[in-house]
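# Structural features, examined
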Amino acid sequence: MNRDDHAMSQAAAWEDTGAGEEAPVLSAQRVEKTYRNGTRALDEVKLDIRRGEFVSLLGPSGCGKSTLLKMFAGLEEPSHGHIRWWGKNLATVGTPERTLAMVFQEATLMPWASVEQNARLPLDLRGMPRAESEPRVREALRLVGLENFHQVLPRELSGGMQMRASIARALATKPNLLLMDEPFGALDEFTRNRLDADLRDIWSRQDLTVVFVTHSIYEAVFLSSRVIVMAARPGRVIADVAIDAPGPRDEAFRISAPFMQYCKTLSDYLTLANQQGGGHEH
Ligand SMILES: Nc1ncnc2c1ncn2[C@@H]1O[C@H](COP(=O)(O)OP(=O)(O)OP(=O)(O)O)[C@@H](O)[C@H]1O
């Protein structure tokens with residue numbers, strides 16, 4: 001396929017809302033979730049996430065961040081309301097232009113298999129021929145900086161490198177939508193900052209929409225084009241903050257005045273979230 005053909009099929013693949021505007025990659029339409037034990041996890045969440053955004057969900061424990069992300073992954077159903085992917089139901093999104101992948105806080109690698117075999121697993125499960133999967137996996141490992149570790153077993157890797165392998169496994173599927181549930185929450189601050197920088201770099205080079213759950217204000221500001229602040233009891237959206245910082249997101253950004261200002265804004269909203277939601281701890 002030449003570039004023009006590719007661009008045309010890409011354009012045809014993205015949904016048109018009718019107003020000449022692309023449908024959101026994700027749309028939560030008055031979504032409520034009450035678990036079977038009666039816990040009301042989400043209340044009337046309305047949220048659109050557009051193509052190419054990097055959106056973080058930030059909020060106190062129990063405000064429903066993971067619940068919302070699981071619904072975005074199709075792993076939980078709303079009790080009321082709807083989730084739409086590219087304007088459609090989940091069952092209709094499994095096309096090359098509409099794929100999603102999820103990364104969890106634990107790397108969940110197969111301990112007996114090499115980094116490369118782990119990263120190739122979803123492609124093997126799809127029955128993709130090696131000739132196709134191997135270059136994809138090599139590229140994914142290169143993107144996360146593990147190209148020289150492809151034959152290593154997970155136990156030989158640090159926690160940060162295991163997480164890189166987990167991200168490579170997701171990227172090898174060439175997702176358009178990447179859902180990440182506190183992926184760096186268990187890592188030390190230095191490793192976390194490096195992974196944040198690398199993830200932002202990967203996102204900025206690809207046609208990728210990311211939804212990222214975090215407890216960290218700093219991480220949310222560093223990574224995101226938008227931060228959604230949630231409050232608990234029941235979980236709901238209380239603020240939607242665009243992080244409008246056009247320069248590079250590097251170490252200088254972390255100590256810049258706009259960075260600090262955004263952190264202050266989000267911190268104020270989190271204080272409000274804790275006051276409104278009781279800020280309970282697990
Ligand atoms: N499977 C479940 N069954 C019953 N209640 C649940 C279930 N999963 C989550 N909950 C409850 O729903 C509420 C929202 O949980 P959720 O994990 O989505 O919040 P969160 O914001 O991701 O929390 P954390 O930051 O601590 O991970 C909490 O009160 C939680 O105890």
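Each residue is numbered by its place in its chain's sequence as written, counting from 1. Residue-level local features of this predicted model are given only where pLDDT is at least 70; pairs of side-chain atoms are given and counted only at 80 or more, and the full residue set underlies all totals for whole chains, interfaces and linings.

Attention now moves to the overall build of the protein chain. When helices and strands are counted, the protein chain shows nine helices and nine strands. If you line up the protein chain on its principal axes, its C-alpha atoms span 55 × 45 × 45 Å. Here the protein chain holds 282 residues, and 37% of them are scored as buried. It is the C-beta atoms, placed from the backbone, that decide contacts: two residues are in contact if theirs lie within 7 Å. Across the protein chain, the fraction of contacts at a sequence separation of at least 24, relative to all contacts at a separation of at least 6, is 73%. Only DSSP runs of H or I covering at least 4 residues are called helices, and only runs of E covering at least 2 are called strands; the numbering of each starts at the N terminus. Put simply, a residue is buried when 20 or more other C-beta atoms lie within 10 Å of its own C-beta and exposed when 12 or fewer do; between those, it is partly exposed, and each C-beta is set from the backbone.

A word on the site of the ligand. Placing the C-beta atom from the backbone, one calls a residue near a molecule or strand if that atom lies within 6 Å of it. Residues in close proximity to the ligand total 14 residues, the closest being Tyr35, Ala41, Ser61, Ser66 and Thr67. Sorting elements by how many residues they give to the shell around the ligand places helix 2 (residues 65–72) first, with three residues. Three classes are used, and their members are as follows: Ala, Val, Leu, Ile, Met, Phe, Trp, Tyr, Cys and Pro are nonpolar, Asp, Glu, Lys and Arg are charged, and the others, Gly among them, are polar. Among the residues forming the shell around the ligand, the class breakdown is three nonpolar, ten polar and one charged.

Right, let's talk about the pairing of strand 7 (residues 209–214) for a bit. Within strand 7, six of the six residues are buried, which leaves it mostly tucked inside the rest of the structure. Of the two faces of strand 7, the one lined by Thr209, Val211 and Val213 and the one lined by Val210, Phe212 and Thr214 are each fully buried. In this sheet, strand 7 lies alongside strand 3 (residues 54–58) in parallel orientation, the contact comprising five bridges. The partner of Leu57 across the bridge, within strand 7, is Val213. A pair of strands is treated as paired once DSSP finds two or more bridges between them. With five bridges connecting them, strand 6 (residues 177–181) and strand 7 associate as parallel partners. Note that in strand 7 the partner of Leu177 across the bridge is Thr209.

This part takes up the sheet that holds strand 3. Judged by pairing direction, the sheet is mixed, and its six strands sit side by side in the order 5-6-7-3-8-9 without closing on themselves. With partners counted over all chains shown, the strands left at the sheet margins are strand 5 (100–103) and strand 9 (236–242), one partner each. Neighbouring strand axes in the sheet, compared pairwise and without regard to direction, differ in orientation by 15° on average. The strands that helix 2 touches are strand 3, strand 6, strand 7 and strand 8 (226–231); relative to strand 7, the one it contacts most, it runs at about 155°. Only C-alpha atoms enter the line fits that serve as axes; for helices the fit covers just the stretch in contact. Angles between N-to-C directions range over 0 to 180 degrees.

Averaged over all residues, the pLDDT of the protein chain equals 88, while 91% of them reach at least 70. The pLDDT value expresses, per residue, how confident the predictor is, ranging between 0 and 100. A low-confidence stretch, residues 1–16 (pLDDT under 50), is modelled with 15 contacts involving residues beyond four sequence positions or located in other chains. Taken over the whole predicted complex, pTM reads 0.89, whereas the ipTM for its chain interfaces reads 0.97.

With that settled, the discussion passes to helix 6 (residues 189–205). The span expected for a helix works out to 1.5 Å for each residue beyond the first. With 17 residues, helix 6 should cover 24 Å at 1.5 Å per step; its first-to-last C-alpha distance of 24 Å lies within 8% of that length. Three or more residues of helix 6 are buried, namely Arg192, Leu195, Asp196, Leu199 and Trp203. Each buried residue of helix 6 sits inside an arc of 110° when the element is viewed along its axis, so together they form one side. More than 90 degrees from the buried face of helix 6, the exposed residues found are Phe190, Ser204 and Arg205. For helix 6, the elements touching its buried residues are strand 3, helix 5 (159–171), strand 7 and helix 7 (217–223). Directions from the helix axis toward the C-beta atoms define the arc.

Below, the discussion takes up the UniProt feature "domain: ABC transporter" (unreviewed entry) in the protein chain. UniProt positions are given in the numbering used here, feature names are shortened, and annotations may be inferred rather than shown by experiment. Taken from the UniProt record, the annotation "domain: ABC transporter" (unreviewed entry) applies to residues 26–257. Along residues 26–257 one finds 32% helix and 25% strand; the C-alpha atoms at either end are 32 Å apart.

For this entry, the nonpolar core is defined as buried Ala, Val, Leu, Ile, Met, Phe, Trp, Tyr and Cys residues connected by C-beta atoms within 7 Å. Ala140, Ala168, Val211, Ile228, Val229 and Leu266 are the most contacted members of the largest nonpolar core, which totals 74 residues. The element that contributes the greatest number of residues to this core is helix 5, accounting for seven residues. Composition of this core by domain shows at least three residues from each of domain 1 (21–99 + 175–282) and domain 2 (109–174). Each domain's extent was defined by an automatic or database domain assignment.

Attention now goes to the sheet that holds strand 2 (residues 40–49). The strands making up a sheet associate through backbone hydrogen bonding, with each pair oriented either parallel or antiparallel. Within the open sheet, the three strands sit side by side as 2-1-4. Their pairing is antiparallel. Strands with a single pairing partner mark the edges of an open sheet, and in this sheet they are strand 2 and strand 4 (80–85). For this sheet, the mean inter-axis angle between neighbouring strands, taken without regard to orientation, is 15°. As defined by bridge partners, strand 1 (residues 26–34) adjoins strand 2 across six bridges and the pair is classed as antiparallel. Within strand 2, the residue paired with Lys33 across the bridge is Leu42.

So, on to the domain arrangement of the protein chain. In terms of domains, the protein chain is made up of domain 1 (21–99 + 175–282) and domain 2 (109–174). Here the C-alpha centre of domain 2 lies 25 Å away from the C-alpha centre of domain 1. The partner domain 2 presents nine residues to the eleven residues of domain 1 that form the contact. Taken together, the residues of the side of domain 1 that touches domain 2 break down into eight nonpolar, two polar and one charged.

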